[in-house]
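Summary of structural features
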Amino acid sequence: MARGSRSRGEKRMRFSKLYTYAACVRPGGGTTDEVPAGGGPGFSRVVFCNTPEKHFQQPATKYKSNYVSTTKYNLITFLPKALFEQFRRVANLYFLLAAAISLTPVAPYSAASLIAPLVFVVGVSMIKEAVEDSRRFTQDQEINNRKIKVHSGQGKFEARAWKKLRVGDVVKVEKDQFFPADLLMLSSAYPDGICYVETMNLDGETNLKLKRSLERTIELDEDAEFGQFHADMNCEDPNPSLYTFIGNITIEGETLSLGPQQILLRDSKLRNTQYVYGVVVFSGHDTKVMQNSTDVPSKRSRIERKMDKIIYFLFGVLVMISIIGAVVFGVRTKNDMPDWWYLEPTDVDIYNDPNNAAASSLLQLITSLILYGYLIPISLYVSIEVVKVLQAMFINQDLTMYHAESDTPARARTSNLNEELGQVDTILSDKTGTLTCNQMEFLKCSIAGVSYGRGITEVEKATAKRLGKDIKDLDEYDEDSSHEGEVRGVELSAKAHIKGYNFKDERITNGAWVNEPNPDVILQFFRILAVCHTAIPEEDESTGSVSYEAESPDEAAFVIAAREFGFEFSKRTQNTVLVREFDPSSGSQVEREYKVLNLLEFNSTRKRMSVVVKDENDQIFVMCKGADSVIYERLGKSGKAFAESTKGHLATYGEAGLRTLALSYRKMEEAEYTEWNAIFLKAKTTVGADRDAMLDSASELIEKDLILVGATAVEDKLQAGVPECIDRLALAGLKIWVLTGDKQETAINIGFACSLLREGMKQIIVSLDNAEVRAAEEFGDKDSIAKVSKESITQQLMIGQQQVDLERNNADVVFALIIDGKSLIFALDDGLKEKLLHLATNCASVICCRVSPKQKAMITRLVKEGTGKTCLGIGDGANDVGMIQEADIGIGISGVEGMQAVMASDFAIAQFRYLERLLIVHGHWCYKRIALMICYFFYKNITFGLTLFYYQAFSTFSGQTVYNDWYMSLFNVFFTSLPVIALGVFEQDVSPRILMQFPALYQQGPQNLMFGWSRIFGWMINGLYSSVMAFVFNRLAISYIAFRSDGKVPGLEAMGAIMYTCIVWVVNVQLVLALSYFTWMQHVAIWGSIALWYIFLLIYGNIDPVQSTTAYKVLTEVIAPSPMFWLITVLTTLGCILPYFVFTSYRRTFYPQDHHIIQEIRHLQKHVTDPEMWKRERKKGVRRTSVGMTAHVEHRVSSMQSDLRFGQHLGGSDNSSNVFSPDRNRDNNHV
C-alpha cells in the first residue's frame, strides 16, 4: 500500500536545514537494559524506543505524561488564586476590609450594602477569568483526547488518546494529522524517508518544511516491521529551542547522529504525505512548543500606574479626614457628652463613653474609614476594563486598517494598552518586511568584475528625485521596464512578470553569456545559484512547470534567477540535486546531477551557507554564499582577481538600496575531503553543549581559500504608503528610529527613500571601520582590539555631541546618527550608553544597521528607560520579538517572515502605513477618553463622598449617615456608571479626518496635557466645590425654609433623598459639559441614569419598610409633592456646574487649546466660508520636523530661495536663472 502511493509523491522532494547527507555511522555497543551513558549536563535524556515500560523501572527515566494543561486555574486553585488576583488591587483590598468590619457593630452601614457591591465587582472579574479559563480547559480536553495510532506490540497499532502516550512509544501519524508529541521520525510513505510538515502553529510560517529520517530506519515503513524494532537514544534535555536538536541513536550496535531534520514537533501538521512513523522523545510539557509557552511580559500603561497614585492620595485623604473626625468625636465625647441629657449619658457603652474617650475615638476612626470609603471608586477598575475591551473592538473593526489583499484586519491583542497608543514618543522600527515588502526580486549582479542588470530601484528613483534628476537621464534607465504598459501593449500579456525576477540585461540572458569575456566564471556563478540553497522544487503535473518553496524570499529569488538564466533546479533526492543546465558546447539543455555530500547551514553567526558537492566527473566543490564581509575574509590569494571591482559594485548596489550576497567556491581533493569529513562527523555525533561550536570549527576548516566569482543584488521594495506615513508621524512630533540588519549603505539609502534622511542633513556616522581599529586587528590580540575599539567609539560619540552642541541654536542644521552593530557592542556598555542616548535623542533621525535581535532589544530598553517616555517597537519577524516585547507597546506586522512578531505583539496590523491611523486617531481618542474618564470618576466620587464628611461634621461625627445604605451602594454601580462608560467608548474631540489633517493634536498625549497633575487636581477641586455647594445649599434650604404645606421642615430621610438626587443630577450634567461629541447612546446613558434613580426610588420606596428603611414612601409622599424639592434640584445643579462652565468659557475664549479652535471653526463652517483661515490653521496644526517629505520639500524650497537671493545679490540674472536647474541643485546637495 505504501509503495503504491509513492509514484506521485516522488515528484515532490524537499529538505530543510541539514548538516550532511552522508551516512554518519560510528561503531557502538549493543543495546542493553541498562541506561546508556548520557552526554553530560543538559544532555542526559535517555529514550528506550518501542519499549516505553522501561522508563518506569528507573527513577532517572520517569518522564512527564503527554497530558497538557494551559489553564491558569483548576477546581482546587481557582478560588484562592482568583481571589488573590482580585485583592492585589489596593481598592479591592480596602473594600474587603470594609466589608469585614461591616459585620461588627462599629459599621455605619448594613453589611449587605457593603458586601453586595464588592461581591458584584469582584464576581464580575472572577466570572470573566473563569469563562476565559474554561475555554482553555475545553480546548485542552479536546487536544488531550485526540486519537493517534500507537504500536501495542507484535507489529499491531491501536488508536489511543494523546494524553496516554508515553516516551518511547512508536506512533503512526497520517496525512493532515497533528503530531501528538515531539517525535523522532523513523520512516514515511515516501521511499526516501521524507515528509512535509506545516509549522504554522509553531512559528506562523505557511511554507511547508521537509523532514527526513535516517537512512538506517527508512525501511521501517509497514506496521509489521515494528514487532522486533528496538533502539536506545541519548539526546538533549527538554528545552525551548525550536530549531535545534542534538542526539544519538544506537540501532543494533550502530550509533547514528540525530539533528533537527529528524524531529517532528508537537502541534505541527503532516502535509502531502500519507503517513509517517515516529517514536516519542518529549511528551507533554517537555515538548518544545510547551517549553516556549511562557507568559507575555506584563505591561501597564502610564495612566494606569498614575491612577494607582491617585488612589493612594485619596486613601491618604480618607485617613486624614477619618482621623480628624475621630479626634473631634473623642474630644466632644469627653467634654460635652455629660451635658447632652437627651443622649442619656448615664447609660452609655464603649462607643460613646466619656470616661473612655480614647477607645470611643478609636472605634469612631474605624467607623469613619468605612463611612468615607466612597471617595475611592469601587467600580473604577471594572468600568475601565469594559471600556478598553469596547475600544479594542472598534480598533479591530476599523475598515481603514483592513488589508484586502491578505484579508488581514487590525487586531488589538490586548486591551490594556489602548491609551498608551496616544502617548508614544519614539518609534523603533525594523526595516525588512516592516518598511519594505520583504518580497525580493533579483535585479542586478556582478560576475567576474562586470556589473549586469539595468533595473532602477525605488531608492535610485528617490535619489534622482532628491538630486533634481529625471530618471530617464540615469545610465541604467530602462524605458521598456518603466513604460511597459504604454509601449508594449499586447506583448505585456504575452510575457508576464515573473515573481522574484526583474533582471534585464541582454548581455547574459538567453544564453548570450557565452560571448562574455569570462564565460567559465559566469557558468560557475549560475551553478552556485542553482545548487547552493535549501529550496524545494514542486512540479505542476498539468503544466510541467516547476515552482519553489524556500526558507526565505532571498533564496527563492536566487533559484528563480538561475532558472531564468538557463540553469533550472528541477529535482532533489536523498543525496542529489538535478539541474537542467545550458551547455555552451552543444547549445542545448542538459541534465546534470550533483551529489550533495554536506550542507553547512546559514545562521546569524556564520552569515553564510555552503554545500559540498561532487559533480559527474567526481570533482568535489565547496560552494559558498554569504555576506561580503564574511566571504572576503575567507578568499585565497588566487581567489581575489575580481575582489576590488566586485567590492565597488557591492557599494553601488548598497547605495541603490539592494540586499547583496557574495558567491564563491573552491575545489577539494578526495583525500582532503575524506580527512575533513571525519572531523565533521565526529563533531556531528558529539552529544553536548559544545556540539555547535565544534561544527562551526569544522566548517572553518573547509570554508577557506575561496575563489570569488561575483555577487547578487536583490531589491526589497518599500511598502505602499511608507513615506507618507513617516511624514505624518513626523508631523505629529514622533521620533522614528530604524533598527536593521542590513549594511550601512543599504540602510542609509532606504532612509532617503522613506524620507527619514534628506539632503542637507548632517550625518554622524559611528563605525569601527577606521585606521586605528584596523591596525589593532592586524596584531590579532582580542583585548587590544576591544580597548582600541571602545576608545574609538568614545571619541566618535564625543565628537558627534560637540557637533550637535555647536549647532544647537541653529534650527536649520539637523543631524542624523548612523551606527552599526559592531560599534553598538561597545556603545551599549554601561559607561557609554548614556552618551549614545544623549547624542541620539539630539538627532532628528537614528539608523542602527547590522544589529542583532539582542541589540534591538537592548536599544529599545535603553530608549525606554533612558528617556522615561513611551516607546513603540514595530517589526514583522522572529528577530523583532525581543524588541516588540521590550517596548512599552509592541506592534507586529503580519508579513512574509511568519507570525512570530504578531504572536508576541500587543497590536497587529498588516502594513506599516496603518500605524498612522492606529496612533493618530485611535491612540489619540483612547488616551483622551481614558484620561477624562478617570478624572471624571474621581470627581463624582469626591462630590458624593465628601457630603458624607460634611454631614458627619454637622452631626458631631456621630457615625450617622445621611443617605440610605442602598443609595450609597448603587451610586457607582448603576446611577453613574453607564454615562462614564459611554464617555470612554464614544467621545471624540475631533473627527478622524481632522486628526489626520492636524497631526500635531497627537502631542496632547506625549505631553500628557489631559492627565497631568494640574488637570487631575483641577477636577478634584471641582469635586470639592460641588460637594460643598450641594451640602450647604441643601442644608440651608431644607432646615430654614418650609418644605411642606403645613410649614414643617423635612426629616433626615427626606434630606438624604433630596441631596442624593441633586448629586445624581450634578455629576451627570457635569459630564454633559465635559463631552465634545454626542450620540444617541450617550443621551440614553446620561438621561437614562437620572431616570433610573427616580424609578429605583419609586420601587424601592414601596417595598416593606423593614427592607426599604428610610426610603419608604419618601418619593411619593414626602419629596415629590413638594415644589421646593424640584426647585432645590435645579438650583443646586446650576450652582454646582456654574464655575466649570465659566472656567471652560473663559479658557476657550482667551486660552483655547488646539482642538478648541478646530471645533469652533468646524462649528461655524469657517473651513467652507473662509478657506484661507482654514489653511493657516492647518499650517499651525503640524509640528516642526526635520524628517519626512514635508521637511524635504521645505528644505528644498528654502535652498532655492537662498540661491535666488544669492544670485540677485550678485546682480546677475544669469546666475539666478539656473537656480531650479537639476545640475545647479545637484551641486548644492554635494556642498
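Above: the structure in question.
A brief report on the enclosed structure follows. Just so it is clear, the structure is predicted and the values come from calculations on it, not from any experiment.

Thresholds applied
Residues numbered from 1 in each chain as written. Predicted model: local features only at pLDDT ≥ 70, side-chain atom pairs only at ≥ 80, totals over all residues. Heavy atoms only, no water. Helix = DSSP H or I, 4+ residues; strand = E, 2+ residues; numbered from the N terminus. Buried < 20%, exposed > 50% of the residue type's maximum accessible area, 1.4 Å probe, protein only. Areas by Shrake-Rupley, 256 points an atom, 1.4 Å probe, with all protein chains shown as cover. Contact = heavy atoms within 4.5 Å. Expected span 1.5 Å × (residues − 1). Arc of directions from axis to C-beta. Patch = residues over 30% accessible without salt bridge, like charges linked within 9 Å, V, L, I, M, F, W, Y side chains within 5 Å. Salt bridge = Lys/Arg side-chain N within 4 Å of Asp/Glu carboxyl O. Core = buried A, V, L, I, M, F, W, Y, C linked by side-chain atoms within 4.5 Å. Domains from an automatic or database assignment. Pairing = 2+ DSSP bridges. 1 Å grid on protein atoms, 1.4 Å probe; cavity = no way out; pocket = protein on both sides within 12 Å on 5 of 7 lines; lining within 4 Å. Points joined across faces, edges and corners; volume = space filled by probe spheres on them. Nonpolar A, V, L, I, M, F, W, Y, C, P; charged D, E, K, R; others polar. Phe/Tyr/Trp six-rings, centres within 6.5 Å; stacked < 30°, edge-to-face > 60°. Lys NZ or Arg CZ within 6 Å of the ring centre and 35° of its normal. Polar contact = N/O pair within 3.5 Å; in protein donor to acceptor, adjacent residues only side chain to side chain. Axes fitted to C-alpha atoms, helices over the stretch in contact; angles between N-to-C directions. Left-handed = near helix turned anticlockwise from the far one by under 90°.

It is worth spelling out the overall build of the protein chain at this point. The secondary structure content of the protein chain amounts to 44 helices and 34 strands. Counting over 1231 residues, the protein chain shows a buried share of 55%. Counting only carbon and sulfur atoms, one obtains 55% of the accessible surface of the protein chain, whose full area is about 52800 Å².

The next point concerns the side chain of Q1153. You can see Q1153 is positioned in the loop between α38 (1123-1150) and α39 (1154-1163). Setting aside anything within four residues of it in sequence, one finds Q1153 in contact with L1009, M1010, R1015 and R1147.

Quick look at helix α21 (residues 744-753) now. For α21, the buried fraction is high: eight of the 10 residues fall into the buried class. Every buried residue belonging to α21 is among T746, A747, I748, N749, I750, G751, F752 and A753, and all of these are buried. Immediately beyond the C-terminal end of α21, within one or two residues, lies S755, with a positive phi of roughly 70 degrees.

Here we take up helix α3 (residues 90-101). Look at α3: 17 Å from first C-alpha to last across 12 residues, which is about the 16 Å you get at 1.5 Å a residue. Taken residue by residue, α3 has A91, N92, Y94, F95, A98 and A99 as its buried positions. Buried residues of α3 fall within an arc of 155 degrees about the axis and therefore sit on the same side. Elements in contact with the buried residues of α3: α2 (78-86), α4 (111-144), α7 (302-335), α8 (357-371) and α9 (380-396).

Another point: a nonpolar patch on the surface. A cluster of nonpolar side chains, namely F974, L1092, I1095, L1098 and I1099, defines an oily patch on the protein surface of about 450 Å² accessible area. Considering each element in turn, the nonpolar patch owes the most residues, four residues, to helix α35 (residues 1080-1101). On the secondary structure map, L1092 appears in helix α35. The partly exposed category is assigned to L1092, whose relative accessible area is 34%.

Burial of nonpolar side chains together is a common tendency in soluble globular proteins. Ranked by size, the top nonpolar core spans 107 residues in total, and within it Y963, Y967, F1011, Y1060, W1093 and I1119 carry the most contacts. It is helix α29 (residues 915-954) that contributes the most residues to this core, 18 residues altogether. Two domains each put at least three residues into this core: domain 2 (294-366) and domain 5 (927-989 + 1017-1151). Contacts of F1011, omitting those with residues within four sequence positions, involve I303, K306, I310, Y927, A931, I934, C935 and I1016. Judged by nonpolar contacts, the second largest core, of 61 residues, contains M401, L417, M761 and C849.

Our focus in this paragraph is the sheet that holds strand β6 (residues 182-188). In a beta sheet, neighbouring strands are held together by backbone hydrogen bonds and run either parallel or antiparallel to one another. Pairing is antiparallel in the open sheet, where six strands are placed in the order β4-β3-β5-β14-β6-β12. At either margin of the open sheet sits one strand with a lone partner, and together these are β4 (156-161) and β12 (263-264). The pairing of β6 with β12 spans two bridges and is classified as antiparallel. Considered in β12, the bridge of L183 is made with L264.

The tally for this structure, following the rule as stated, stands at 47 salt bridges. Across the pair E633 and R634 runs a salt bridge, and its minimum N-O distance is 3.3 Å. The buried category is assigned to R634, whose relative accessible area is 12%. As a salt-bridge pair, E886 and K864 come within 3.1 Å of each other at their nearest N and O atoms. Here E886 is found in helix α27 (residues 881-886), whereas its partner K864 is found in helix α26 (residues 853-867), with 22 residues between them in sequence. Overlapping salt bridges bring together R300, E304, D308, K388 and E419 as one network.

Our next topic: the sheet that holds strand β32 (residues 870-875). Pairing is mixed across the open sheet formed by nine strands, whose spatial order is β15-β34-β33-β32-β16-β28-β31-β30-β29. Lying at the two open borders of the sheet, with one neighbouring strand each, are β15 (411-412) and β29 (762-766). Taken together, the five bridges between strand β30 (residues 815-820) and strand β31 (residues 845-849) define a ladder with parallel strand orientation. For L817, the partnering residue across the bridge sits in β31 and is V846.

In this section: empty space enclosed by the protein. Under the counting rule described, the total for this entry stands at five cavities of 30 Å³ or more. In this structure, the largest cavity spans a volume of roughly 90 Å³. In this structure, the largest cavity is lined by 13 residues; those nearest its centre are F95, L114, P117, Y374 and I378. Contributing elements (two or more residues each) for the lining of the largest cavity: α4 and α30 (965-975). For the lining of the largest cavity, the class distribution of residues is 10 nonpolar, three polar and no charged.

The full count for this structure, using the stated rule, is 52 aromatic pairs. Between F442 and F503, the aromatic rings sit 5.9 Å apart at their centres with planes inclined by 55 degrees, giving tilted as the arrangement. Here F442 is found in strand β17 (residues 436-447), whereas its partner F503 is found in the loop between α13 (490-494) and α14 (519-531), with 61 residues between them in sequence. In this structure, F442 and F503 share a single accessibility class: buried. Taking the centre distance of 6.0 Å and the plane angle of 75 degrees together, the rings of W513 and F582 count as edge-to-face. Of the two residues, W513 is situated in the loop between α13 and α14 and F582 in strand β22 (residues 576-583); the sequence distance between them amounts to 69 residues. The same class applies to W513 and to F582, which are both buried. Aromatic rings pair up to connect Y374, F944, Y963, Y967, F971, F975, Y1060, W1093, F1096 and Y1100 into one cluster. For R45, the ring lying beneath its charged end belongs to Y63, and the centroid distance is 3.8 Å. Taking the ring centre of Y275 as reference, the NZ or CZ of K172 above it sits at 4.8 Å.

So, on to the environment of R913. Looking at the element boundaries, R913 is found in the loop between β34 (907-909) and α29. Considering only alpha carbons, one finds R913 and I726, 187 residues apart in sequence, at a separation of 8.1 Å. Those residues in contact with R913 that sit more than four places away from it in its chain are H403, A720, G721 and C725. Within the structure, the side chain of R913 is placed 3.4 Å from the backbone oxygen of A720, a separation counted as a polar contact. At 3.2 Å, the side chain of R913 and the side chain of Y914 are in polar contact.

Two packed helices can be described by the angle between their axes and the distance between those axes. Where α29 meets helix α33 (residues 1013-1040), the closest approach of the two axes is 8 Å, and the angle between their N-to-C directions is 35 degrees. The crossing of α29 and α33 is right-handed. Contact residues: α29 offers L932, C935, Y936, Y939, I942, T943, L946, T947, Y950, Y951 and F954, while α33 offers I1016, W1019, M1020, N1022, G1023, L1024, S1026, S1027, V1028, F1031 and R1035. Of the residues assigned to the contact of α29 with α33, the class counts are 15 nonpolar, six polar and one charged.

A few words now on the side chain of Q1070. Relative to the assigned elements, Q1070 resides in helix α34 (residues 1052-1074). For Q1070, the residues in contact, after removing those within four places along its chain, are Y939, W1019, N1022, I1137 and Y1140.

This part takes up the environment of E601. Within the secondary structure, E601 sits in the loop between β23 (588-600) and β24 (608-614). E601 gets classed as buried once you look at its relative accessible area, which sits at 14%. Separated by 10 residues in sequence, E601 and V611 have C-alpha atoms that sit 8.3 Å apart.

It is worth spelling out the pairing of strand β5 (residues 170-174) at this point. Where burial is concerned, most of β5 is hidden: four out of the five residues are buried. Looking at chain direction, strand β3 (residues 147-153) and β5 are connected through two bridges and run antiparallel. Its bridge partner being in β5, V150 is matched across the sheet by V171. In this sheet, strand β14 (residues 275-282) lies alongside β5 in antiparallel orientation, the contact comprising five bridges. Its bridge partner being in β14, V170 is matched across the sheet by V279.

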